[in-house]
Amino acid sequence: PIPLSFGHHGHRCLVGFLLGLPFVLFQVCGAATPLFCSALAFMALGIDESGAQIEQPFCILPLLPLCNAVQAEVEAMRKMLNERQPN
């Protein structure tokens, strides 16, 4: 796992870049600058969020219900095996 501060630093740098982007693109794109900036921000922030989820998969996976289901199955098997064993 990557330390949380590294992820925050990358996200802040990306947001800073995206905030400065309209000032640079305005000379090239003119009135279409908001459209291009919105599209670039959508793609860049989506990639950033996907990377964050890949770095920390256990935050988004529903592990507690899975673990509870596995525990219930194991306990049911244990009970069934205990009933089969002659004392």
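Structure first, text after, so check above.
Keep in mind it's a predicted model, so treat the numbers as computed, not measured.

About the criteria used
- Residues numbered from 1 in each chain as written.
- Predicted model: local features only at pLDDT ≥ 70, side-chain atom pairs only at ≥ 80, totals over all residues.
- Heavy atoms only, no water.
- Helix = DSSP H or I, 4+ residues; strand = E, 2+ residues; numbered from the N terminus.
- Rg over C-alpha atoms; globule rule 2.2 N^0.38 Å.
- Buried < 20%, exposed > 50% of the residue type's maximum accessible area, 1.4 Å probe, protein only.
- Areas by Shrake-Rupley, 256 points an atom, 1.4 Å probe, with all protein chains shown as cover.
- Lys, Arg positive; Asp, Glu negative; His and termini not counted.
- Charge placed at Lys NZ, Arg CZ, Asp CG, Glu CD.
- Expected span 1.5 Å × (residues − 1).
- Contact = heavy atoms within 4.5 Å.
- Core = buried A, V, L, I, M, F, W, Y, C linked by side-chain atoms within 4.5 Å.

Caption draft 1: Spotlight on the overall build of the protein chain. When you go through the protein chain residue by residue, the secondary structure sums to three helices and zero strands. At 25 Å, the protein chain has a C-alpha radius of gyration far larger than the 12 Å of a compact globule built from 87 residues. Along the longest, intermediate and shortest principal axes, the C-alpha atoms of the protein chain span 85 × 25 × 10 Å. Taking all 87 residues of the protein chain together, 8% fall into the buried category. When the accessible surface of the protein chain is split by element, carbon and sulfur atoms take 71% of a total near 7,400 Å². Averaged over its 4 positive side-chain charges, the protein chain has a centre that lies 12 Å from the centre of its 6 negative ones.

Caption draft 2: Representation of helix H1 (residues 4-29) in the model. Relative to the 38 Å expected for 26 residues at 1.5 Å per residue, H1 spans 36 Å between its end C-alpha atoms, a close match to the ideal helical length. Turning to H1, its buried residues are Leu14, Leu18, Leu21 and Leu25. Where H1 is buried, its residues touch helix H2 (33-55). Once H1 ends, the next one or two residues include Gly30, with phi positive near 65 degrees.

Caption draft 3: Main features of the nonpolar core. Within the largest apolar cluster, six residues are counted, these being Leu14, Leu18, Leu21, Leu25, Cys37 and Ala41. Those elements giving two or more residues to this core turn out to be H1 and H2. Among the elements that make up this core, the one with the highest residue count is H1 (four residues). Apart from residues lying up to four places away in sequence, Ala41 is in contact with Leu18 and Gly46.

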